[in-house]
Amino acid sequence: MPIYAHIYHATQKYVRLNKMQLGVLYESLSKYGIVLYFITNFINRDISNVFLILTLLICLLNIKNLFCILREKKSVVISIILFTSWILLSSKMNNVPANEIDNYLRPFLLLPLLSIRFTSKDLIFIVILSFILSTLHYLFIFNNIGNIRYGGTSSSPITYANLLVIIIVLGIHNLTYLKSKLAYSLHISMLIVLFIIFIDTGTRGPLLALLSAILVYGYYKYTRTHVLFFLLTFSALLLVVPNKTVDRIYEMHQADSYEINNIKQGSLRERVAYLKFGYDNLLKSSFFGIGPQNVETQLQEFLKYNNYKNINARDHLHNEFIDLCIKFGILSLVLFLLIMFTLQRTSDNNVLILTIITALLVSQLTQSHFSHHQAITFFISLIYILHGSKEGVCKAR
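Because the structure is predicted, anything quoted here is derived from the model rather than measured. (Residues numbered from 1 in each chain as written. Predicted model: local features only at pLDDT ≥ 70, side-chain atom pairs only at ≥ 80, totals over all residues. Heavy atoms only, no water.)

Take the overall build of the protein chain next. Of regular secondary structure, the protein chain possesses 17 helices and two strands. When burial is assessed residue by residue, the protein chain has 53% of its 397 residues classed as buried. Sequence separation of 24 or more characterises 76% of the internal contacts of the protein chain that already satisfy a separation of 6 or more. Accessible surface, the protein chain as shown: approximately 19000 Å² in total, 65% of it carbon and sulfur. (Helix = DSSP H or I, 4+ residues; strand = E, 2+ residues; numbered from the N terminus. Buried < 20%, exposed > 50% of the residue type's maximum accessible area, 1.4 Å probe, protein only. Contact = heavy atoms within 4.5 Å. Areas by Shrake-Rupley, 256 points an atom, 1.4 Å probe, with all protein chains shown as cover.)

Evaluated as defined, the whole model comprises six salt bridges. A salt bridge links Glu27 to Arg117; the shortest N-O distance between them is 3.6 Å. Taken together, the residues span a long stretch of sequence, with Glu27 in helix α1 (residues 3-40) and Arg117 in the loop between α5 (106-109) and α6 (120-145) at a distance of 90 residues. In this structure, the salt-bridge partner of Lys31 is Asp122, at a minimum N-O distance of 3.4 Å. A residue pair is termed long-range when its members are at least 10 positions apart, and Lys31 in helix α1 and Asp122 in helix α6 qualify at 91 residues. (Salt bridge = Lys/Arg side-chain N within 4 Å of Asp/Glu carboxyl O.)

Moving on, we get to the packing of aromatic side chains. Given two aromatic rings, one states the distance between the centres and the angle between the planes to describe the pair. Applying the stated criterion across every chain, the model contains 23 aromatic pairs. Arranged with centres 4.8 Å apart and planes meeting at 65°, the rings of Tyr104 and Phe328 form a pair that is edge-to-face. Here Tyr104 is found in the loop between α4 (74-93) and α5, whereas its partner Phe328 is found in helix α14 (residues 320-328), with 224 residues between them in sequence. Judged by its relative accessible area of 2%, Tyr104 is buried. A residue is classified by how much of its surface remains accessible, and Phe328, at 0% relative accessible area, is buried. Members of the aromatic cluster, joined through ring pairs, are Tyr37, Phe38, Phe42, Tyr138, Tyr150, Tyr160 and Phe378. (Phe/Tyr/Trp six-rings, centres within 6.5 Å; stacked < 30°, edge-to-face > 60°.)

Packed helices, taken two at a time, are described by their axes: the angle between them and the distance between them. Where helix α9 (residues 205-221) contacts helix α16 (residues 350-363), the two axes come as close as 8 Å, and the packing angle between them is 160°. It follows from the interaxial angle that α9 and α16 lie roughly antiparallel. Along this stretch, α9 crosses α16, giving a crossing that reads as right-handed. Seen from α9, the contacting residues are Leu208, Ala209, Ser212, Ala213, Val216, Tyr217, Tyr220 and Lys221; seen from α16, they are Val351, Leu352, Leu354, Thr355, Thr358, Ala359, Val362 and Ser363. Looking at the contact of α9 with α16, its residues break down into eleven nonpolar, four polar and one charged. (Axes fitted to C-alpha atoms, helices over the stretch in contact; angles between N-to-C directions. Parallel < 35°, antiparallel > 145°, perpendicular 65-115°, else oblique. Left-handed = near helix turned anticlockwise from the far one by under 90°. Nonpolar A, V, L, I, M, F, W, Y, C, P; charged D, E, K, R; others polar.)

Next up on the list: unusual backbone geometry. Leave glycine aside and you will find that most residues have negative phi; peptide bonds, for their part, are mostly trans. Phi at Asn95 is positive, roughly 55°, even though this residue is not glycine. Although it is not a glycine, Asn307 adopts a positive phi angle of roughly 55°. Looking at the secondary structure, you find Asn307 in the loop between α13 (295-305) and α14.

As a further point, take the packing of helix α12 (residues 266-282) against α14. For the pair α12 and α14, interaxial distance at closest approach is 10 Å and the crossing angle is 45°. With respect to α14, the axis of α12 lies oblique. The two elements α12 and α14 cross, and the hand of that crossing is left-handed. Contacts between α12 and α14 pair Leu275, Gly278, Tyr279, Asn281 and Leu282 from the former with Ile322, Cys325 and Ile326 from the latter.

A word on the confidence of the model for the protein chain. Within the protein chain, residue pLDDT values average 84, and 88% of them lie at 70 or more. Ignoring residues within four places in sequence, the model shows residues 4-15, a span with pLDDT below 50, making two contacts including any to other chains. (pLDDT = per-residue confidence, 0-100.)

Here the focus is α12. Helix length check: α12 (17 residues) gives 24 Å between terminal C-alpha atoms against 24 Å at 1.5 Å per residue, within 8%. Those residues of α12 lying buried are Ser267, Leu268, Arg269, Glu270, Arg271, Ala273, Tyr274, Phe277, Gly278 and Asn281. (Expected span 1.5 Å × (residues − 1).)

Taken together, the side chains of Val50, Ile53, Leu54, Leu57, Leu60, Ile63 and Phe67 make up a nonpolar region of the molecular surface, amounting to roughly 630 Å² of accessible area. Put simply, the parts of the chain that give the nonpolar patch at least two residues each are α2 (45-61) and α3 (63-72). In terms of residue count, α2 provides more of the nonpolar patch than any other element does, five residues in total. Considering the arrangement of structural elements, one finds Leu57 in helix α2. (Patch = residues over 30% accessible without salt bridge, like charges linked within 9 Å, V, L, I, M, F, W, Y side chains within 5 Å.)

Printed below as a string of structure tokens:
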């Protein structure tokens, strides 16, 4: 064989080897990047956004692997493209400004995260570090400020509560992998501390989401005794530890009032009025919606027309399902639910993803996550990286 042929084959082998090593490097960096994104949400959300952007860029650099993964998960990709296309079409019809649809494009923009491989050890690592950082933030930031309701690193307590729900659910999931009694006990202790921090947010919707997640995961993975243990432990903490959540739960009976102005609790009065606005306008804007930029203005007119007092108009309705329908039409909600259905049905790790999706959907009954990018990004990112895993352990491709 001529010398140049030897040189050519040697060069090709070297290039292939370098590409393989580079691919492994990209996979490792993307995994570290997404772990840092999750845990830094409990320090500073701006820092977490930086890590998320870097992780997405690393995934894009590993373009061959990304295309391979996206082809493998084409049903998920198609459902996301359908949702995104409808959002863009509805936005075009309603002349929606670009800054109003950014959050609704998250399912599409985060697609590269589907290429990240995760293991059960990574999930344990995330829970431990999130516990440490959230506890430190709670002890040194919250106690110094002295807020009535703890909002953590989020713009509102309910957003931060939903992040804690996810970490608690992951912690409950991790218990199925721990063999050591000491590790098991320490993990239980972490979950108790996280729940104490959670109830200081004074939120009701995320509490319902956590309860639903425990029931769903417990149905598939735990005995009735284990489920009862979690429910009784969290219920005891809720009743024994001084917090605002119980008081806010007691206030729920005011929602029975037929007159919105008679509801004394401000948040509850606001939500009931928002729901009434949503129901009244659902059929009027059922196809393309009215556009997110018009919600606050029309809501203000609605409140003024009905003489509802002490209620501020917002750009979202505190209910994702009605919010999507009003802003982008009923089809946007159908397509969003199709994404969730497809993700769950096509995943090897369907029990954990079903649990996370359950927590997401239940929490969306009381909050518009797409209007608060931190929570929806956290939920979707986690679901994506778990999608190719079997019980949290990804299979080699």
